[in-house]
Amino acid sequence: MNLHKSMLKRILLFLIFAFIAGQQILLAQRLTVTGMIKGPNGEALPGVTVVVKGTTVGTSSGSDGTYSLSVPAGDAVLQFSYIGYTSQEEPLNGRSVINVTMTESATQMDEVVVVGYGTTRKSDLTGSVSTVSAKNFVAEPVKTFSQAIQGRAAGVVVTNNSGAPGGIVKVRIRGTSSLYGSNEPLYVVDGVALNINVADLNVNDIESMEILKDASATAVFGNRGANGVVMITTKRGLSEVPKIQVNIEPAVSNIAYRYDLMDAGTFAEFVNVYRPGYFTSQQISDYKANGGTDWQKEIFRTGITQNYQVSATGGSTHTKYFISGQYLDQSGILLNTSQARYSLRSNITTELGKKFKLEFNIYGGRIKGLNNRENGNKTNPVISAVFYSPTWPVYTAYGTWNRFDNLCGPLALNPKMVLEERYSDNLSNSLTSNMRLSYKIIDDLTLDVLFGADVNDYQNGYYENSWINASTTKAGIWTSNNFFWQNSNILTYKKNISNIHDIVVTGVYEQSRNTYESFTGNGSGVDPITVGYHNLGIAKTQTVTSSWSQYSLRSLLGRVSYTLLNRYLLTVSYRADGTSKFQDPNKWGYFPSAALAWKLSEESFLKDNSVINNLKLRGSWGITGNQGINPYATISRIGSMMNTFGLSQSLPGSIVVGIDNPDLKWETTTQTNAGFDLSLFKNRLNFSADYFIKETDDLLFGVTIPAYDGGGKVNKNVGTMENKGFEIVVSGKPVSTSDFSWDVNINFTSIKNELTSLGQDTFLLGGNYAPGLTQESPFCLKVGESMGSFWGYEWQGVYTSAESADAAVYGFKPGDNKYRDWNNDKKIDSKDKHVIGSALPDFVWGFNNTFTYKNFDLNIFLLGQQGNKMLNTVYATSSVILSDATTINHMDGLNYWRPDNENADFANPTNNSNKNEIISTKFLQDASFTKIKNIALSYNLTRDILKIADLKLTVSAQNLLTFTKYKGFDPETSTSANDIDGAIDVGAYPSARTFTFGIQASF
Amino acid sequence: MKNTIYILILTILSVSCNKDFLDETTKGLIRPVDYFRTTADLEKCVNALFSNANLMYNQTATFSFCMGGDDVTTLPGGNKEGYKQFDVFSVQDNNDRYRNMYTCAYGAIKQANVIITNIDKFVEPVDNPALLKDQKNRALGQAYFIRALSYFNLVRMCNEIPLITDLSVSYDLEKSPATDVYKLIVEDLTKAESLLPAKYSAASNLSSLEQSTLYARPSSGSAKSLLASVYLTMAGYPVKDNTKYALAAAKAKEVIDNEAGYGYTLLANYGDLWKYTNKINTETVFGLHYNHVVGDWSDNGTWANGNMNCPLSYKPGDFGGWDDLFAELTFFNEFPSGPRKDATFLTQAKKTPSDPLLTWQNYNTKHPYYKKFLDIPGWDENNAGAYFDWWSSRSVMVIRYAEVLLVYAEAKAMSGGPDALAYTCVNRVRSRAGLADLPGGLSGAAFSDAVIMERKWEFAGNEPNARWFDMVRTETVESATAKRDPKEIPLVNQPSKANYFAPIPSVDRVLNPNL
C-alpha cells in the first residue's frame, strides 16, 4: 500500500512539474491566434496539432475543434497536422484568426507500413500484412501485447493458457505449422528481433504492429519466418511541442462464471444414494439447516488493478524524444495471486548533420508475480474447489486448516489451504535496447546499421511449508540470465526513373547470438520454513544445478522491389541463413520469395471511377524456415539421475540422454498467397481478402525411441503439414457527420489444418494432462486430421430400459453409459476410440466499433471463435464418480438414470457395471464463444474548459458477457500449453470480468 | 564523422566474419565420448543404475501384471482399469499400468549396458590399478546383477521379449524366445557371482560411498539367491527344464551353507519385517532403498527415490487410500491364522481415534487389505485417516532370505526328494508363522506342493516374489482361479495359457511391427 501511495505522490509531482513547464511556455508568448479546425464534412476536429513552424510553441485543438495559441508576432507560419490527414501550413500574415479545413490524406494507402528491413507505402505492398495501430486498441484498457492484438488482425489467433495476471498466452499467425518446433511468431521491435518475452513489454509504448503473414513478407526472415512475424514499432516524438499524458486506470475484476453446485444438504442426501448410510439423517438435516462450504466462494475474490501510465514527447528541430513510465499492480481473482509491473522507456531520435540520423531506444521492465504461473493439474485449487465436498469445513474446530477430505477423492488437499499456504514467486527484469544509425551515402543510397541487445534476468522462488508438503519442508530458487545481441547492416537503394520505373534494392548482412545461463538451488528440510528460499544453507539436504547454452545465426539477404507505372509491382527476395543449431552441411538454409501485385485502380478504365478508388490484386510465393528448437538438439549428452540409497543426501548419477542425429535440419514452409484490396467511396469502405496455402515439410519431431532401447525421443525431420485458409477484413466509416461518426472493423479468419504425413507413423498419442483422471492422452496426431484432435469415445447417451438387451451384449445394463462400438466387436475398449473433435476453431472473428458523438466516444469490441472443442475435466470431476473425484457435486448430476427417469443425462451412479469415460463426447464440450471483450464509454473534457489539460474520462468493462455452450469457467482458457495437445480444462486459471475507470490527462 | 562510421562498419564486418561463429559451443554439456574415464564417473553410472532399478519397484503399477494372482484384487473401474484387466484376464496392450515395468526394466537394462559396454574405457586412476580393478569388477558385477533382475521381471511378464545387450537403436528387432533370455540371465548372474564380494564390508578398495551404502549392494550371495530362483522358474512353465531343479537346489544351498558368512537370517517375528524402522534388516538378501524428501523435480532421479507403494496404494479408500490392491476373499479365508496372518492383513482400523472401529466387512470394498506395506512414521491403525503424503521412503525387499530357504526346499524335493535340510528350511519359515512343522516322510511332489503353499502365504500381496509367478510356473492359474469368490469382480475370460503372459505393450508395438 505504501508503494501505491508513493507512486501516486510521484505522479502528482510530475503533474505539477508539467504544469509549471506549461506556464513557462505561456510566459514567452506575445500574440494570440485562435481558430476553428474542421474536417472534410465540416465536423469539428479535435486533437489536431498546431505548431509554430521552427519552434516548440504549439497546442492542439479541443473537442470543439477550436484552438488558441500565443505566437511571436511577425511572419510566423502555423503547421496543422493530424494522423490520417494531409498536413497544412498557414502563414500568419498578421492575422489573429485562422480557420482551417483539413483534408484526409489522399488515401490511407499512403500510410507508411513497416516491413522486414525497410518500410513501404501501404499502396505498394505486395505481401499480406495486417496493421494494428495504437488507435485500434486505445479504447480498451489493454495490459498486454496479446490483448492488443487479439481479434484486431485477420490471421491471428490468440489463446490463453491462464487468466492469471501475467498468465501465459499463445499467439498463432496463420495456424500452427510445427509439431515440435516453436509455433510462436518472430517478434521484431524497431528492427531487432525480440528475445525477451513480448508480454514483458509495456503495450502502451507500442505505436503500431505490422503482422507479416505471407511468404513474400516473411521470407526475408529466413529460418525464423515460418510462423509469421510481428513488427512492433514503438512510439517516438513527432512534434517539437512537449506533450505529457497521464493515465490512471483503477479496475476491479471478478469471476464471470460459477459452476452450479449442490448445497451441502442436497449433496449429503445424494451421497447416501451411491454410498448408502454415509451421512446420518441428523447430519443431513443439519446441513440443510446450516448449509456447508461454498468452495468457489472461498477461493475467488475481487481482484484490484491499479495502472498508472505517464508519457512525454517533444524535442527540438533535430532531436525528438518519447519517454514513458508505467506502474501496474494487479491482484488476481484467485486468492493470493498477483502481479506487478514497473517499466520505463526512452526513445530518442536525432539528426546528426544532413547525412546521419541516429535512433536510440531503451526499455527496462520489472515484473513481479506471485502464484500466477500454475497452469492447472488434477488437484489444483480451481478444479478441487469444484469437486470438494460442501460438507467439508474449511477449518477444524481448532481454527486450523481442515487439510484433507477423503470423501471427495484420495488426492486433493483443501483448496483454500493450498491457495493460502503455497508460495511461488517470479521476478523478471528485462532490458531491451537498440540503436539505429542511418547514413545517407548518396541521395538514393542509405546504409542502416543496427545494434540491438536484450537482457532478461529471471528468477523463480518457491517454498512448501508443512501444509503443502507433509513429508518435508522444501524451498528452492531458479535463476536464469539470457543475453541476446543482433547486428544488422542494411543497404537500401531507391531510384525513381521518370515516374515510370520505381526500384528499391535492399541488401542485408546480419548476425545474432543468444546465450542463456541458469542456476537452481533447492533444499528440503528447510526449518523454519519462514525463511522461504532466502536461506537455503539451513536446509537438511541441498541440491544445485546449473546450465549454459548458446546459439548463433548469420544471415545474408537480397531483395528487389520494382514498380512499373505505379501499376505493376514485383518483389523478389532471397535469404541465406546459417545457424549453429544444426551440423554441417545442414547449417545453411536458403529461402526465396516472389510477389506480384497489380493496381487495377491505376489503370485508365478505373482511374477516375467514382465508386472504386483503390483496387489491387496480389499474389505471392515463398519459402520460410523454422529452426525453433533448443540448441544441442543434434547431440546426445550425459544427464543426471541422482540416487540416495535411502540416505538423506542426493548422490549424483549419470545416464546417457538421447542419441546423436547430425542429419537434423530446419523445417521448411512453402506458402502461396492470393488476395486483393478494395476501397470504395473515398476509402469510406475498405475490403481486403487473402487466401493462402502453407505446406510445411521436414517437420521437426521428437521421434520415440523404443522403450526396449531405453526410450526417450530423438529429434528428426519427419512428416508434412498443411494450413489452408482465408482472411477477410472489412473496415470503414459508415457514418461521418459533424457530430456523429461510426468507425467499424470486422475481421474474419478461417484456417484448416491437416497433418498430411508423420513419416513412419500414422498415429501418435499426445500428452496426458491429468494422469489418473484420464488413462491416456486425450490428444492425438493422426494423418489426415488436424493438430489438436481429440482421441476418445463417442458417448451415445444412457441405456434405457428398452435397450437392456443391447446393453447386455456389452456387459452393461439400463442406466449405464452407452458408447459407440466403432469396430462392432461387441466390446467397448480402446479400439473404439476415434477422433471426436478438434481444439482448432473453424473460424475466429473480431468486430470493433467506435461511435463518436460530440464529446462522447463509445467502443464496443466483440470477438469470437466457432467450432472449437475443449475437454472439460472440471465438469467431469464434479458430475460423475471417478477414482480421483469420488463424489457428485454438480446439480446436473442429479439428472441421472432411474426407472422413473429414463431419458437422463447421466448414468446411474449406483450401477457397478457402468463405465465413465472422461475422454468422450460426454465431456468434450463446444467451446465456441462470442465475447463482449470491451465496452467503453468516454467523455472528453477539453482544455478550453479545464484550462490546464485535456481530460478524458472512461468507464469500461472487459469480458462483460460471454455467450457460449461451454459449461465451465472460461471457454478461452486451456491448461495445455502446446499445439499438439489441443484444449483441456484441468482447472485453468479463468479469465476475469473487469470493470475499469480511466482518467487520461493530456498537457 | 564519416571516417568514424567507415571504421565502425569495417570493424563490425571483420570481427563478425570469424569462421567459427556458427560452431556449436557446449560449455556445460558433457558428451558421452568425453565421459566414462574415471572411477568417479563409474560410481555415478552405478548410482543411476540403482535409481533405474528403484523404478521397477516403487509403485504398484509395475507389478500390476501379477494381479491375476489369487491373493490380490482391485476396484472394478476408474483408474484401476489397468490392474483390473489382469485380475479378470482381459489384458489390452495399451494398459497404462504394466507398461511401467516394461519401460523401467528396459531403462535399468540400458543403464547396465552403458556400464558393461563402456567398462574398458574407465582407466583412471592410472596410478592405482588395484583400486581401479576392484571398483570396476564390483560395478560390472552390479550391472550384470541388475540386468539379470530386470530381464527376469520382463521374461516372466511377457515371455518373448527383445533382448538388448548393446546401445544401438533398432526399429525392426525381433522378439527373442524365453530360452534365450534365460540363457543371458544365467550368464549374467554367473558373472555377477564371481565379480561381487561375498560381504561388501570385507571387500577391498571400497569408495567412501560404497562404505556408507553396504546394505544396499548386491553381494555374490544376492546373485546366487537370484540365480537359484531363476533356475527354479526355468524348471517350471514355460521352459520346463527339469534339470534346473538340481541347479536351483545347489545354488540355494551354497547360500544357506554359508548364511553366517553372507549375514542372512530370518527375523524372529514376521511382523517385524514390515516395520518402517526395520528398513535395513538381515533377512533382506537384496533390497532397494528410497528417500523421497531429498530430490527436486528437475532431476531424473527424484521420482526414482520415492516409494509410492506406501502409504496410499494399499490403504482402504475409507481412510483416504487408493484401493490399488487388496486381498481376495478366498485367499484371506484360507490363510492359516497366526502371527503371520495378523501381520499381513489390515482387517480393522479407525479413521480417527474418535471414529468407530471399522472392520473390513464394512469397508467400502468389503475386502480385507494388506497391512504389510502401510507402516511409515506416524502410521497408526487408530488414526488411519491421517494424511502424511502420497509417497514415502519405505524400502523394498526384492529378495528375502525366506525365499532362498523355500527355493531350496522345493527344488530339492523335485530333484531327489526332500532331505533334512529341505525340512529345516521350510519349517524355519513355518514356525515363525506359528505353524507346525511339516510331517516327515512326504513324497517329493507332496512336499513341493506344501512349500508352494508356504510361499503363497509368506509372499502374499504382490511382494516382488509374487504369488502369480508360482501360479504360472506350476501351471495352476486355472485351478487357483476356480476357487475365486463369486463376490469378486466377475471374470471377463476364464484363464488359460493365453493369459499367462502379457503382450508386449503397445508403446513399442506401434514403433516396431515385428513385436
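Bear in mind the structure is a predicted one, so any value in this text is a computation, not a measurement.

Visitor: So, the overall build of chain A: which residues are in play, and what are the values?
Guide: Tallying secondary structure elements over chain A gives 12 helices and 52 strands in all. A globule of 1003 residues ought to have a C-alpha radius of gyration of about 30 Å, and chain A, at 31 Å, matches this closely. For chain A, the C-alpha atoms occupy an extent of roughly 100 × 65 × 65 Å along the three principal directions. A burial count over chain A gives 57% of its 1003 residues as buried. In chain A, of all internal contacts separated by at least 6 residues, the share reaching a separation of at least 24 is 69%. A total accessible area of about 38,300 Å² is found for chain A, and carbon and sulfur atoms account for 57% of it.

Visitor: Which residues make up the domain arrangement of chain B, and what values do they have?
Guide: Residues and elements named next belong to chain B. Domain boundaries assigned for chain B yield domain 1 (34–62 + 98–218) and domain 2 (309–390). The interface of domain 1 with domain 2 comprises four residues on the first partner and five residues on the second. Of the roughly 270 Å² buried between domain 1 and domain 2 on both sides combined, carbon and sulfur atoms contribute 39%. The three residues of domain 1 that bury the most area against domain 2 are Tyr57, Asn58 and Thr60, which together make up 92% of that side's buried surface. Taken together, the links from domain 1 to domain 2 amount to zero salt bridges. Between the two partners, domain 1 and domain 2, sit three residue pairs in polar contact (both at pLDDT 80 or more). In the side of domain 1 that touches domain 2, the residues fall into one nonpolar, three polar and no charged.

Visitor: Describe unusual backbone geometry, naming the residues involved and giving the relevant values.
Guide: Between Asp584 of chain A and Pro585 of chain A the backbone carries a cis peptide bond, its omega angle lying at 0°. With respect to the helices, strands and loops of the structure, Pro585 of chain A is situated in the loop between strand 27 (568–579) and strand 28 (588–599). Residue Pro238 of chain B is reached from Tyr237 of chain B by a cis peptide bond, and omega for that bond is 5°. Summarising the element assignment, Pro238 of chain B is placed in the loop between helix 8 (220–235) and helix 9 (244–257). For Asn683 of chain A, which is not a glycine, the phi torsion comes out positive at approximately 70°. For Asn683 of chain A, a relative accessible area of 13% puts it in the buried group. With a phi close to 50°, Lys854 of chain A is a non-glycine residue in the positive phi region. Note that Lys854 of chain A resides in the loop between strand 44 (843–853) and strand 45 (856–866).

Visitor: Outline the confidence of the model for chain A, listing residues and values.
Guide: Per-residue pLDDT for chain A averages 89, and the proportion of residues at 70 or more is 96%. Note that pLDDT drops below 50 for residues 17–29 of chain A; the model gives that stretch five contacts with residues more than four away or on any other chain.

Visitor: Mind laying out the environment of Gln796 of chain A, listing which residues take part and the relevant values?
Guide: Residues and elements named next belong to chain A. As for its placement among the helices and strands, Gln796 is situated in strand 41 (residues 795–798). By relative accessible area, which is 38% here, Gln796 ends up partly exposed. Along the sequence, Gln796 and Asn717 sit 79 residues apart, while their C-alpha atoms lie 40 Å from each other. In contact with Gln796, not counting residues within four places along its chain, are Lys818, Tyr819 and Arg820.

Visitor: Describe the sheet that holds strand 43 (residues 834–838) of chain A, and please don't skip the residues or the numbers.
Guide: All names here are of chain A. Taken in spatial order, the four strands line up as 38-39-40-43 in an open sheet, and their pairing is antiparallel. Taken across any chain shown, the strands that pair with only one partner, and hence form the sheet edges, are strand 38 (763–765) and strand 43. The mean inter-strand angle of the sheet, taken between neighbouring strand axes irrespective of direction, is 40°. Pairing of strand 38 with strand 39 (residues 779–782) involves three bridges; the strand directions are antiparallel. Counted as the bridge partner of Leu765 is Cys780 from strand 39.

Visitor: Got a sec to walk through a nonpolar patch on the surface? Specific residues and values, please.
Guide: Among the surface-exposed residues, Ile500, Leu565, Tyr568, Trp598, Phe605, Leu617 and Phe676 of chain A lie close enough to one another that they form a single nonpolar patch of about 590 Å² accessible area. Position of Tyr568 of chain A among the secondary structure elements: in strand 27.

Visitor: Lay out helix 2 (residues 39–55) of chain B with the relevant residues and their values.
Guide: Relative to the 24 Å expected for 17 residues at 1.5 Å per residue, helix 2 of chain B spans 25 Å between its end C-alpha atoms, a close match to the ideal helical length. Helix 2 of chain B sits mainly inside the fold: 14 of its 17 residues count as buried.

Visitor: Residue-level account of the sheet that holds strand 10 (residues 129–133) of chain A, with values.
Guide: Residues and elements named next belong to chain A. Overall, mixed pairing links the five strands, which are arranged 10-15-16-13-14 in an open sheet. Of all the strands in the sheet, the pair left with one neighbour each is strand 10 and strand 14 (192–193). Alignment of strand 15 (residues 206–212) against strand 16 (residues 229–234), held across six bridges, turns out to be antiparallel. From the neighbouring strand, Met209 faces strand 16, where its bridge partner is Ile232.

Visitor: Talk me through the packing of helix 15 (residues 401–414) of chain B against helix 17 (residues 444–458) of chain B; I want residue IDs and the actual numbers.
Guide: All names here are of chain B. Running from N to C, helix 15 and helix 17 point in directions that differ by 160°, and their axes come no closer than 8 Å. Accordingly, the angle class assigned to the pair helix 15 and helix 17 is roughly antiparallel. Here helix 15 runs over helix 17; the crossing is left-handed. Contacts between helix 15 and helix 17 involve Ala402, Glu403, Leu406, Val407, Ala409, Glu410, Ala413 and Met414 from the first element and Gly444, Phe447, Ser448, Val451, Ile452, Glu454, Arg455 and Glu458 from the second.

Visitor: Give me the environment of Gly265 of chain A: which residues, what numbers.
Guide: Counting through the fold element by element, Gly265 of chain A comes out in helix 5 (residues 264–274). The residues contacting Gly265 of chain A, other than those within four sequence positions of it, are Ile284, Tyr287 and Lys288 of chain A.

Visitor: I'd love a proper account of the pairing of strand 1 (residues 31–38) of chain A, names of residues and values included.
Guide: Residue and element names in this part refer to chain A. As defined by bridge partners, strand 1 adjoins strand 4 (residues 66–71) across six bridges and the pair is classed as antiparallel. The partner of Met36 across the bridge, within strand 4, is Thr66. Judged from the two bridges that link them, strand 1 and strand 7 (residues 100–101) form a sheet pairing that is parallel. In the strand pairing of strand 7, Ile37 is matched with Val100.

Visitor: If you had to explain the domain arrangement of chain A to someone new, which residues and values would you point to?
Guide: Residue and element names in this part refer to chain A. Examined at the domain level, chain A breaks down into domain 1 (2–105), domain 2 (108–234) and domain 3 (247–301 + 777–970 + 980–1002). In this assembly, 20 residues from domain 2 lie in contact with 21 residues from domain 3. Buried surface at the junction of domain 2 and domain 3, both sides included, amounts to about 1,600 Å², of which 58% is carbon and sulfur. Between domain 2 and domain 3 we count one salt bridge in total. Between Lys143 and Glu249 there is a salt bridge, with its nearest N and O atoms 3.8 Å apart. The class makeup of the residues in the side of domain 2 that touches domain 3 is eight nonpolar, nine polar and three charged.

Visitor: Any chance you could break down the packing of helix 5 of chain A against helix 6 (residues 281–290) of chain A for me, citing the residues and the numbers?
Guide: Residue and element names in this part refer to chain A. Axis separation between helix 5 and helix 6 bottoms out at 7 Å; the angle between their running directions is 155°. Of the possible angle classes, the one that applies to helix 5 and helix 6 is roughly antiparallel. Of helix 6, the residues touching helix 5 (which contributes Ala264, Gly265, Ala268, Glu269 and Asn272) are Ile284, Tyr287 and Lys288. Its residues assigned to classes, the contact of helix 5 with helix 6 shows four nonpolar, two polar and two charged.

Visitor: Requested: an account of the interface of chain B and chain A, with residues and values cited.
Guide: Across the boundary between the two partners, chain B contributes 92 residues, which contact 88 residues of chain A. Counting the surface chain B buries against chain A, the share from its top three residues, Phe21, Leu22 and Glu24 of chain B, is 11%. At the junction of chain B with chain A, the criterion picks out one salt bridge. Salt-bridge contacts for Arg31 of chain B lead to Asp660 of chain A; the nearest nitrogen and oxygen are separated by 3.7 Å.

What counts as what
- Sequence order sets the numbering: in each chain, residues are counted from 1 along the sequence as written.
- Chain labels run from A onward and ligand labels from 1 onward, assigned in the order the entries are written.
- With the structure being a predicted model, the display of local features is reserved for residues of pLDDT at least 70 and the display and counting of side-chain atom pairs for 80 or more, all residues being used for whole-chain, interface and lining totals.
- The basis for every side-chain value is the complete set of non-hydrogen atoms in the structure, without hydrogens or water.
- Only DSSP runs of H or I covering at least 4 residues are called helices, and only runs of E covering at least 2 are called strands; the numbering of each starts at the N terminus.
- Atoms counted for the radius of gyration: C-alpha only. Globule rule: 2.2 Å times the number of residues to the power 0.38.
- For every residue, the accessible area obtained with a 1.4 Å probe (protein chains only) is divided by the maximum for its type, and the residue is called buried under 20%, exposed over 50%, and partly exposed between those limits.
- Throughout, a contact is declared for two residues whenever any of their heavy atoms are within 4.5 Å.
- For the accessible areas, the method is Shrake-Rupley and the probe is 1.4 Å, while residue cover comes only from the protein chains on display.
- An automatic or database domain assignment is the source of the domain bounds shown.
- Throughout, buried area stands for the accessible area (probe radius 1.4 Å) lost by two parts on being put together, summed over both.
- For this document, the term salt bridge refers to a Lys or Arg side-chain nitrogen within 4 Å of an Asp or Glu carboxyl oxygen.
- By the criterion applied in these results, polar contacts are pairs of N or O atoms within 3.5 Å in which, for protein atoms, one can donate a hydrogen and the other can accept it, and in which residues neighboring in sequence qualify only through two side-chain atoms.
- Polar here means any residue outside two lists: the nonpolar Ala, Val, Leu, Ile, Met, Phe, Trp, Tyr, Cys and Pro, and the charged Asp, Glu, Lys and Arg; Gly therefore counts as polar.
- Predictor confidence is given residue by residue as pLDDT, running from a minimum of 0 to a maximum of 100.
- Note: two strands are recorded as paired if DSSP finds a minimum of 2 bridges between them.
- Axis angles are defined between N-to-C directions and span 0 to 180 degrees, where every axis is a line fitted to C-alpha atoms and, for a helix, only to the segment in contact.
- Each patch is built from salt-bridge-free residues with over 30% relative accessible area, joining like charges within 9 Å and nonpolar side chains (Val, Leu, Ile, Met, Phe, Trp, Tyr) within 5 Å.
- A helix's residues, less one, multiplied by 1.5 Å, set its expected span.
- Note on angle classes: values under 35 degrees are labelled roughly parallel, values over 145 roughly antiparallel, values of 65 to 115 roughly perpendicular, and the remainder oblique.
- Working rule for handedness: look at the near helix, and if it is turned counterclockwise from the far one by less than a right angle, call the crossing left-handed; if clockwise, right-handed.

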